[in-house]
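Geometric and topological summary
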Amino acid sequence: MKKKPKFNKDYKTKYGFSDEVKYKKKFPKGINEDIVRQISKLKDEPKWMLEKRLQAYEEFKNRPTPKWGADLEKIDFDDIHYYAQAGGEKGHKWEDVPQKIKDTFDRLKVPMSERKFLAGTATQYESEVIYSKLKKEWQSLGVIFEDTDTALKKYPEIFKKYFGTVVPYKDNKLAALNTAVWSGGSFVYVPKGVKIDVPLQTYFRINLENMGQFERTLIIAEEGSEISYFEGCTAPMYTTDSLHAAVVEIIAHKNSKVRYTTIQNWSTNVYNLVTKRAVAYENARMEWVDCNLGSKITMKYPSILLLGKGAHGEMLSIAYADKGQIQDTGAKIIHRAPDTSSLVNSRSICLNGGRTTYRGLLKATKNAKNSKSKIICDALIFDNKSRTDTYPTNEVDQKTFSLEHEASVSKVSQEQLFYLMSRGLSEEEATSMIVSGFLEPVAKELPMEYSIELNALLEMSMEGSVG
Amino acid sequence: MKKIIIGKKNEVIKKRLKFSIRKSDINRTITIKAVLWDNARLDLEAILRVEKGAKNTNTYLKIDCLLMSENASARVIPSLEIMEDAVKSGHGATISTIDKIKLNYLQSRGLSIPQAEKLIVQGFLK
């Protein structure tokens, strides 16, 4: 008998419920050119956007499904709703949100804008952002925090300048799909020198069965600015699969600092295939904090391109794979300028037949003189039904580049348990403590509230099972 | 277990190594050291795989590369595939060049740069 930690033990009651909502618009299942045109028409978009969508759709059609990594062949792209909008208009007041949806978010305990520590919040339900609010003090400084659709209408110039520059639609099949049918997401613009010291937050929710959510997020941090962005996601449990294919683009200009935190807790019927990429210019600092707890299959490799002298990139991640889950995650960092540095710290846990994979790329080009990189990926494995793999590619073309890579795989050992139990802890407490300690380097980077939440998820539910 | 790879001139070294651990109670460190001069290029894929049923193993895969010239380059993929829980396994990889301070120190003791380099490489391979 060996005790195992268990995240999400009460997922079903806490997040896994669905609600009966009247849909204002729900497109039939499947994707074709007509659906793409309809989405664009519905959003009253400029012509260039429609053209881009159609180009991307062509690309999506012609590209094969990736064969490497987790098995994606089972996704039936014709069995997905590509757009759905629940009743009600998007509002800047929480009172305007339909009661049903409000109840949902209350049940999810999603932090409202009333929570003092946030600078702004947004919530996305199916395809549309239903609520977004930015505090006045930041608005007056010229900060923009809107859903992506509104931003396209209100700030067409900034939008056109940056949209698709970091993740072009030709990048991969799912980025092409996202570009073709994107809807919702956040648009954040921080003007020169503005430092937002409290995070902005968006919460994503899928409710329908066989739903596809394709949000598009664009964050632009001008010279010397600072921003921290936070996203969370959940969905009800269904027997059929849903698809979440987002694209996130971040541009960190000279001397800016951007942190993007994700707590992904989709139900175990969601394919989570996300393309996230950032570019960092001179002395900029870009950080990804990525926690993957839910979903059926996650394939996500947040990337950072270090393009300016002295830029720094960081990637901290936690992956947790329980029965039937595959977490294929990693980091991609490309050094293309001198004096750049990067750090990757990845922690993964697998149990009950779950599978975790670290798949990373670290590349240093000829220009990356006097640069440094450190990569750590550690895995904890609980039983022999589970599997953990590490595939890091390290590519260095510059002599003065220094690279260190270290990975370890271990289990919770009897000695560790025995030691802690001899100090009076029960086996549950001891296992929980070891797991907490294992995750600590990443968990401590989360905002306080979420760090507590993560710990609570952990300690509550140690379950006895045969190991 | 130790392996040394040396690349010179325009050599392109492509290697795919696979280490499977099938038996229980094995304690093994695999070390691969590579030194690349001139325009040499190394393309190395090394997989350490702990198969199902191989219990109580302690394995480590280590790859160190030394780039000796501006035009030398290395692509290293040290992979781990672990199908068993009762293991301790890890890998480490480094890619770097000769430390300037070490070189200066040896020069200050009267060694020429090639001599000093040779000595440092010897130490690295030991």
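Provided above is the structure to which this section pertains.
Report on the accompanying structure. (Residues numbered from 1 in each chain as written. Chains lettered and ligands numbered in written order. Predicted model: local features only at pLDDT ≥ 70, side-chain atom pairs only at ≥ 80, totals over all residues. Heavy atoms only, no water.)

The helix and strand tally for chain B stands at two helices and seven strands. Secondary structure elements of chain B occur, N-terminal to C-terminal, as β-β-β-β-β-β-β-α-α. Relative to the 2.2 N^0.38 estimate, which gives 14 Å for 126 residues, the radius of gyration of chain B is 17 Å and therefore markedly larger than a compact globule would have. Viewed in the frame of its principal axes, chain B has a C-alpha envelope of about 55 × 30 × 15 Å. Across chain B, the fraction of contacts at a sequence separation of at least 24, relative to all contacts at a separation of at least 6, is 79%. Across chain B, the mean location of the 24 positive side-chain charges is 4 Å away from that of the 13 negative side-chain charges. (Helix = DSSP H or I, 4+ residues; strand = E, 2+ residues; numbered from the N terminus. Rg over C-alpha atoms; globule rule 2.2 N^0.38 Å. Contact = heavy atoms within 4.5 Å. Lys, Arg positive; Asp, Glu negative; His and termini not counted. Charge placed at Lys NZ, Arg CZ, Asp CG, Glu CD.)

A separate point is the packing of helix α1 (residues 100-108) of chain B against helix α2 (residues 113-125) of chain B. Residues and elements named next belong to chain B. Contact geometry of α1 with α2 gives a least axis separation of 9 Å together with a crossing angle of 125°. It follows from the interaxial angle that α1 and α2 lie oblique. In this structure, the crossing between α1 and α2 has a hand that is right-handed. Here α1 contributes Lys-102, Leu-103, Leu-106 and Gln-107 to the contact with α2, which in turn contributes Ile-113, Ala-116, Glu-117, Leu-119 and Ile-120. (Axes fitted to C-alpha atoms, helices over the stretch in contact; angles between N-to-C directions. Parallel < 35°, antiparallel > 145°, perpendicular 65-115°, else oblique. Left-handed = near helix turned anticlockwise from the far one by under 90°.)

Looking along a regular strand, one sees side chains alternate from face to face of the sheet. All names here are of chain A. Extensive coverage of strand β16 (residues 285-292) is indicated by the burial of seven of its eight residues. Bridge count for β16 against strand β19 (residues 312-321) is eight bridges, and the pairing is parallel. Of the residues in β19, the one forming a bridge with Met-286 is Gly-313. (Buried < 20%, exposed > 50% of the residue type's maximum accessible area, 1.4 Å probe, protein only. Pairing = 2+ DSSP bridges.)

In this complex, chain A contributes 33 residues to the contact, which on the side of chain B involves 36 residues. On the chain A side of the interface with chain B, the three residues burying the most area are A:Asn384, A:Lys399 and A:Val409, jointly 24% of the side's total. Note that B:Arg41 and A:Glu395 form a salt bridge whose closest N and O atoms lie 3.7 Å from each other. Here chain A and chain B share 15 residue pairs in polar contact (both at pLDDT 80 or more) between them. Secondary-structure elements contributing two or more residues to the side of chain A that touches chain B are β25 (387-396) and β26 (402-410) of chain A. (Buried area = accessible area lost by both parts, 1.4 Å probe. Salt bridge = Lys/Arg side-chain N within 4 Å of Asp/Glu carboxyl O. Polar contact = N/O pair within 3.5 Å; in protein donor to acceptor, adjacent residues only side chain to side chain.)

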